[in-house]
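# Chains, contacts and geometry: an overview
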Amino acid sequence: MNLEEYKGVFVFAQQVDNKVSGIALELIGEGKRLAEKLATEVTAVLVGSDVKGLADELAAYGADKVIVVDDPELKEYRTEPYAHALSSVINQYKPEILLVGATAIGRDLGPRVSARVHTGLTADCTSLEIGDFPINPIPGKEQKHNQLLMTRPAFGGNTIATIACPDFRPQMATVRPGVMQKLEKKEGAKAVVEEFNPGFTPDNKYVEIVKVVKNLTDTVDIMDAKILVSGGRGVGSPENFKLLDDLAEAIGGTVSCSRAVVDAGWKNKDLQVGQTGKTVRPNVYFAIGISGAIQHLAGMEESDIIIAINKDETAPIFDVADYGIVGDLNKIVPALTEQIKAAVANK
Amino acid sequence: MKVVVCVKQVPDTKGGVKFNPDGTLDRAAMLTIMNPDDKAGLEAALRLKDQYGAEVTVVTMGLPKAEEVLREAMAMGADKGILVTDRVLGGADTWATSQTLAGALRNLDYDLIITGRQAIDGDTAQVGPQISEHLGIPVISYAQKIEIEGDSVIVERQYDDRYHVLKAKMPCLITALAELNEPRYMTPGGIFDAYKAEITTWGRADLKDVEDSNLGLKGSPTQIARASDKVRKGQGEKVTLDPSESVEYIMNKLKEKHVI
């Protein structure tokens, strides 16, 4: 593998139902930042059926170039035709970096593609940098410059590791949604659009889609929510969760809960945060009336900002809270909701 | 019908993660378990055994100690256990791990290979799909329901806002979600038999069609630049104020952090 041949930052521009996914724009923003450090460009790879029209949106968010792989076989996501599309793009265009969203699609596509082109893949990255590998010079070992240094949590967020892929290209990472910043939209920005079709011939690896069942409810998966308003037994009753619903609505968040609430039958299991529930890492986590058992903390302590409201000042939740308020949630939460509503209305 | 399940022995995080006094993770103090997604995969395979008389073989790669999860799997009802262990396989990333397991699987007959979606220590979700690529068979990740129909498998594949019902001709690889089922317990008789049962042990020489350059630390494209047990987040601010001051306090923080 001649590493010098590989140039440019590519991002997989995920679309579902011919709508660009948020992660695609986040990756373009991050890809642009990395590309500037390498004095190169960011290219979005758009894969689907009848998706060419989405190229302008990718351009508006910073893509310098868009490669469109458009084929009827690519209408719904399926591993094989998408893996064929993306690995063919890699073989044809030879990017030095390829970013894929760590979504239910990207975490299936990424490994299959990395195995096909024989390169490394780092999962669920939360931070990307360009730097030297090894980070500090080691006598007798070549220090390579301009490497992609990929940082990711492991072990439920209890350890962090920075990974490099010095001898293979592209350097591939899946990137956790909601972590990278998309750029401000520039209406009318244009990208160089190139169509590329490697040809799709169904073989044993193609699976048949018998049925697509979309969730009819509008509820956001708590793992995808940017803001979670989470309640514990201290909320007092299922009816009293109305206070949390109102706060969530005002701030654009989603309601979640602790295990005690699920065990009491107040909320469904799919809203449960913690070791036996879901691990969440929202931008803001409100812990309201949650004491903070270690199993709960393990599921949420990676949140960017933790705001805890609890009347017991010795509650363990205060050990991980960035901002802890000792007080009565029944008084604080409704007033907070009103203030947030007013602040949003004045914007 | 033959089903092979790949399982991993991982440190247990249930009942509390243990920490050293300096706030780092105390791995030595933690017990090991069968990875939960893998256990769901094993349960799915055992149901195929109950329903269709499938033969269930369990494969793990790890230190000799990983034999424990094979015995646990056999005590639950698996028919055979294969431990892949060799010094030269150590330090493998997901590429080298998937090459190793693919090398082991090439020795076996299978209609279905089931792996867990991801392990709770690495959380990568990469090894299953990578094995399927090396073996040239279809993969269906994130399975929440598995059924057999003739020579095909019908799987509900979970996405964020939907699921697909997929049909694949076997052989096929499936990665299982812990939500797939509630794994059964070991039976006393099963435990007794499992501890007498013979475990097959394979080393490097037993792996089929794999080059040395794809194994272990040396065969791993990804390399660790820096690793640290993360120091747990310390306590932030804690205030006791009257309700209206509390609200003002939170509003200021939300504005400061550009949340609103």
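Residues numbered from 1 in each chain as written. Chains lettered and ligands numbered in written order. Predicted model: local features only at pLDDT ≥ 70, side-chain atom pairs only at ≥ 80, totals over all residues. Heavy atoms only, no water.

Summing up its helical and strand segments, chain B has six helices and 13 strands in all. Over its C-alpha atoms, taken along the principal directions, chain B stretches across nearly 70 × 40 × 40 Å. Within chain B, the proportion of its 260 residues that are buried is 54%. For chain B, restricting intrachain contacts to residue pairs at least 6 apart in sequence, the fraction spanning at least 24 positions comes to 70%. Accessible surface, chain B: about 11,600 Å² in total, of which carbon and sulfur atoms supply 50%. Across chain B, the 32 positively charged side chains and the 39 negatively charged ones have centroids separated by 2 Å. (Helix = DSSP H or I, 4+ residues; strand = E, 2+ residues; numbered from the N terminus. Buried < 20%, exposed > 50% of the residue type's maximum accessible area, 1.4 Å probe, protein only. Contact = heavy atoms within 4.5 Å. Areas by Shrake-Rupley, 256 points an atom, 1.4 Å probe, with all protein chains shown as cover. Lys, Arg positive; Asp, Glu negative; His and termini not counted. Charge placed at Lys NZ, Arg CZ, Asp CG, Glu CD.)

With 88 residues of chain A at the contact, the number on the chain B side is 76 residues. For the pair chain A and chain B, the summed buried surface comes to about 7,100 Å²; carbon and sulfur atoms form 57% of the total. Area buried by chain A at its contact with chain B is led by A:Arg107, A:Phe155 and A:Tyr323, which between them contribute 11% of it. Across the chain A-chain B interface, the total number found is four salt bridges. Measuring nitrogen to oxygen at the nearest pair gives 2.7 Å for the salt bridge that ties A:Arg112 to B:Glu133. Connecting chain A to chain B are 29 residue pairs in polar contact (both at pLDDT 80 or more). A per-class count over the side of chain A that touches chain B returns 45 nonpolar, 20 polar and 23 charged. For strand β10 (residues 159-164) of chain A and strand β12 (residues 223-229) of chain B, the ladder comprises six bridges, and the chain directions are antiparallel. Counterpart to A:Thr159 in the pairing with β12(B) is B:Asp229. (Buried area = accessible area lost by both parts, 1.4 Å probe. Salt bridge = Lys/Arg side-chain N within 4 Å of Asp/Glu carboxyl O. Polar contact = N/O pair within 3.5 Å; in protein donor to acceptor, adjacent residues only side chain to side chain. Nonpolar A, V, L, I, M, F, W, Y, C, P; charged D, E, K, R; others polar. Pairing = 2+ DSSP bridges.)

With that settled, consider the environment of A:Leu3. Residues and elements named next belong to chain A. Following the sequence through the fold, Leu3 ends up in the segment before β1 (9-12). Sequence-wise, Leu3 and Glu96 are 93 residues apart; in three dimensions their C-alpha atoms are separated by 8.0 Å. Aside from chain neighbours lying at most four places away, what touches Leu3 is Lys144, Pro166, Asp167, Phe168 and Arg169.

Looking now at the packing of aromatic side chains. Residues and elements named next belong to chain A. Within this structure, the stated rule accounts for seven aromatic pairs over all chains. An angle of 75 degrees between the planes, with centres 5.6 Å apart, marks the rings of Tyr93 and Phe196 as edge-to-face. You can see Tyr93 sitting in helix α3 (residues 79-93) and its partner Phe196 sitting in the loop between β12 (192-195) and β13 (208-214), a full 103 residues away along the chain. This pair shows no difference in class: Tyr93 is buried, exactly as Phe196 is. Their ring planes at 75 degrees and their centres at 6.4 Å tell us that Phe241 and Trp266 sit as a pair that is edge-to-face. (Phe/Tyr/Trp six-rings, centres within 6.5 Å; stacked < 30°, edge-to-face > 60°.)

Among the nonpolar cores identified, the biggest contains 54 residues, and A:Phe286, A:Ile317 and B:Ile250 are the most heavily contacted of them. Sort the elements by how many residues they give to this core and helix α5 (residues 242-251) of chain A lands first, with six residues. Excluding anything up to four places from it in sequence, A:Ile317 contacts A:Ala287, A:Ile290, A:Ser291, A:Gly292, A:Leu297, A:Met300 and A:Ala308. (Core = buried A, V, L, I, M, F, W, Y, C linked by side-chain atoms within 4.5 Å.)

Looking now at the confidence of the model for chain B. Looking at chain B as a whole, its pLDDT mean stands at 92, while 93% of the residues score no less than 70. The complex model carries a pTM of 0.84, and its ipTM stands at 0.88. (pLDDT = per-residue confidence, 0-100.)

Whether parallel or antiparallel, the strands of a sheet pair through hydrogen bonds between backbone atoms. Pairing within the open sheet is antiparallel, and its four strands lie in the order β8(A)-β9(A)-β10(A)-β12(B). Of all the strands in the sheet, the pair left with one neighbour each is β8 (127-133) of chain A together with β12 of chain B. Across the sheet, the mean angle from the axis of one strand to that of its neighbour is 30 degrees, orientation sign disregarded. Summarising the sheet, β8(A) and strand β9 (residues 144-154) of chain A pair through six bridges and their orientation is antiparallel. Residue A:Gly131 lies in a different strand from β9(A), and its bridge partner there is A:Gln147. Running over the sheet, helix α1 (residues 22-37) of chain A touches β8 and β9 of chain A and is turned about 20 degrees from β8(A). (Axes fitted to C-alpha atoms, helices over the stretch in contact; angles between N-to-C directions.)

It is worth spelling out α5(A) at this point. For α5(A), the complete set of buried residues consists of A:Leu243, A:Leu244, A:Leu247, A:Ala248, A:Ala250 and A:Ile251. An end-on view of α5(A) places all buried positions within 165 degrees of arc, on one side of the element. Summarising the contacts, the buried residues of α5(A) are in contact with β14 (227-231), β15 (254-257), β16 (284-288) and α9 (329-345) of chain A together with α6 (243-256) of chain B. One or two residues past the end of α5(A) sits A:Gly252, with phi positive at roughly 75 degrees. (Arc of directions from axis to C-beta.)

Once that is clear, we can look at the sheet that holds β13(A). Read from one edge of the open sheet, ten strands run β13(A)-β9(B)-β8(B)-β7(B)-β10(B)-β6(B)-β1(B)-β4(B)-β5(B)-β11(B), paired in mixed fashion. The open sheet is flanked by β13 of chain A together with β11 (200-202) of chain B, the only strands paired with a single partner. Within the sheet, the average angular offset between the axes of one strand and its neighbour, ignoring direction, is 30 degrees. Of the strand pairs in this sheet, strand β7 (residues 139-149) of chain B and strand β10 (residues 172-176) of chain B are connected by three bridges, and their pairing is parallel. Bridge pairing links B:Ala143 to B:Ala176 in β10(B). Along the sheet, helix α1 (residues 36-52) of chain B contacts β1 (2-7), β4 (55-61), β6 (112-116), β7 and β10 of chain B; its crossing angle with β1(B), the most-contacted strand, is approximately 165 degrees. Along the sheet face, helix α4 (residues 127-135) of chain B touches β1, β6, β7 and β10 of chain B and points at about 175 degrees away from the line of β10(B).

All names here are of chain A. Among the structural elements, Ala315 can be located in the loop between β17 (305-310) and α8 (317-320). Judged by its relative accessible area of 3%, Ala315 falls in the buried class. Note: C-alpha distance between Ala315 and Ile290 (25 residues apart in sequence) is 8.2 Å. Ala315 has contacts with Ser291 and Asn310, leaving out every residue within four places of it along the chain.

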